[in-house]
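Overview (structure and organization)
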Amino acid sequence: MIYKAKFRQIIAVLILAFGLHACQHKENKEEQEAATAQAEAGTFGYDLAFLKSKDDSLILLQDAAGVGQVLVSAKYQGKVFTSTANGHAGRSFGWINYDAFDAAPDPHMNAYGGENRLWLGPEGGRYSVFFKPKTEMVFDNWTTPPAFDTESWVVLSKSSDKVTLEKESELVNYVGTQLKVRIYREVAMLGTSAIEQELGIGMTEQVKAVGFSTHNALTNVGEQEWTKQTGAPCIWILDMFNPSPGTVIVIPYQEQATGKVATTDYFGEIPEDRVTYNAGTLFFKADGKARGKLGLSPERAKPVAGSYDPTNQVLTITTFDVDKNSTYLNQEWTTTKDPLKGDAVNAYNDGPLKDGSQMGPFYEIESVSPAAFLKPNQTLTHRHNVYHFTGDKDALNNISQEVLGVTLQQIQRAFAE
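Heads up: these notes are all about the structure in this document. In this numbering scheme, every chain counts its residues from 1 along its sequence in written order. Local features are withheld for residues below a pLDDT of 70 in this predicted model, meaning they are given only at 70 or higher, and side-chain atom pairs are given and counted only at 80 or more; totals for whole chains, interfaces and linings count all residues. The basis for every side-chain value is the complete set of non-hydrogen atoms in the structure, without hydrogens or water.

Topic: the sheet that holds strand 8 (residues 207–220)
- Pairs of strands are assigned from DSSP output, requiring at least two bridges between the strands. Labels follow the DSSP assignment, with helices taken as runs of H or I lasting at least four residues and strands as runs of E lasting at least two, numbered in each case from the N terminus. The strand order 5-6-7-8-18-15-14-10-12-11 describes an open sheet built from 10 strands, whose pairing is antiparallel. A strand with exactly one partner marks an edge of an open sheet, and here the two such strands are strand 5 (154–158) and strand 11 (275–278). Mean inter-strand twist for the sheet, computed between neighbouring axes without regard to direction, equals 20°.
- Relative to strand 18 (residues 379–391), strand 15 (residues 314–320) is paired through seven bridges, and the arrangement is antiparallel. Residue F320 lies in a different strand from strand 18, and its bridge partner there is H384.
- Its contacts with the sheet place helix 3 (residues 192–199) against strand 7 (178–190), strand 8, strand 15 and strand 18, and it is angled at close to 110° to strand 18.
- In this description, contact between two residues means that some pair of their heavy atoms is separated by no more than 4.5 Å. Here the axes come from fitting lines to C-alpha atoms, over the contacting stretch only for helices, and the angles between their N-to-C directions go from 0 to 180 degrees. Across the sheet, helix 4 (residues 393–403) lies against strand 8, strand 14 (304–309), strand 15 and strand 18, angled at about 155° from strand 18, the strand it touches most.

Written out as structure tokens, the structure is:
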């Protein structure tokens, strides 16, 4: 009888504890929903509250001043979801697809958004990791590998301004090779002095800025060497941002290189009134109204790209590794082109599909590493940094001239009637 009484006491305690936990979880969820409702849509505070309601382990990084902030999620594949240059009340720079979080799982891609995510490529071509062997390269057969779509990553370490994450996975490419990979990713805040040093600029108090670096590493943890016969993956970094009617992507390029400036027919040829070239600079409309993607070869690409949103006076800069002497993989949805001739830098503008539906609107700036032709236990690395500047237009203009080589006026007039 004594044992039965103790057993009943234990059960009662467990039921009470479970009830309190459930109640606390409900209260926390209600508090987060209330915080989302109270914050103004489009602000960092709004996105912080929303993402906390979906990921209770969401990681907030901030600079020394506590004003520049970044949100990282291990649950959602190590994504940097968004950032701000002005605290919780400041503009949220990353594009977030709020509807995707509660939607039914998508067999092709669960597009949660995020201003900086890591995928492995190539997307198309003979070494593709998005199409099963011998299948036709059409949308119905296109599938994002789970490690970069639905599976969570492991947090190795974190502090107030830096987090490191890791993910191991096995992929099968289009030629049937099993690729055993380990991904390492470090996201770190960049303070004012680091931003100035990295970009070679000087900032005034009239400008607010946020910057973060990502260090990404891919290791072959299998027993087979990755060669031109087996195929090899590459690191692919994609930044998703919010468009506006006047936003323009700016990509400086090497004028002296041979061949076409850019591949502009990834998803059909981009109309001439949406992309233009002038004295070593490519301009591409990023209004979220017409779907199109372009890319520059490693011979043409420079290690920088950016965009300017005149509506909100936001200048965005991305910097990344480019090695013109290395092999880059073709990512187009075709097996007829040379798999060893691909682009190092890409840009994408979202727009309606033929049926009128649209995922976004958003636009992307992307960078790609060379092919990872690695022996077992060898590692390839790729760096990609993101910076946003807001404030006085003259000060932003100086930064644009220093880093992108063009004025804000040139950017805004690129598609003038």
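Let's talk about the nonpolar core
- With 71 residues, the main nonpolar core has V72, L120, F148, I251, L282 and L294 as its most contacted residues.
- The dominant element in this core, judged by the number of residues it contributes, is strand 9 (residues 234–241), at six residues.
- Not counting chain neighbours up to four residues away, the residues in contact with L120 comprise V129, F130, F148, L171, V181, I183, L218, P233, C234, I235 and W236.
- Each nonpolar core is a collection of buried residues, namely Ala, Val, Leu, Ile, Met, Phe, Trp, Tyr and Cys, held together in the definition by side-chain atoms within 4.5 Å. Burial here depends on accessible area, computed with a 1.4 Å probe over protein chains only, as a share of the maximum for the residue type. Under 20% is buried, over 50% is exposed, and the range in between is partly exposed. I201, A209, V403 and I411 belong to the second-largest nonpolar core, a separate cluster that totals 25 residues.

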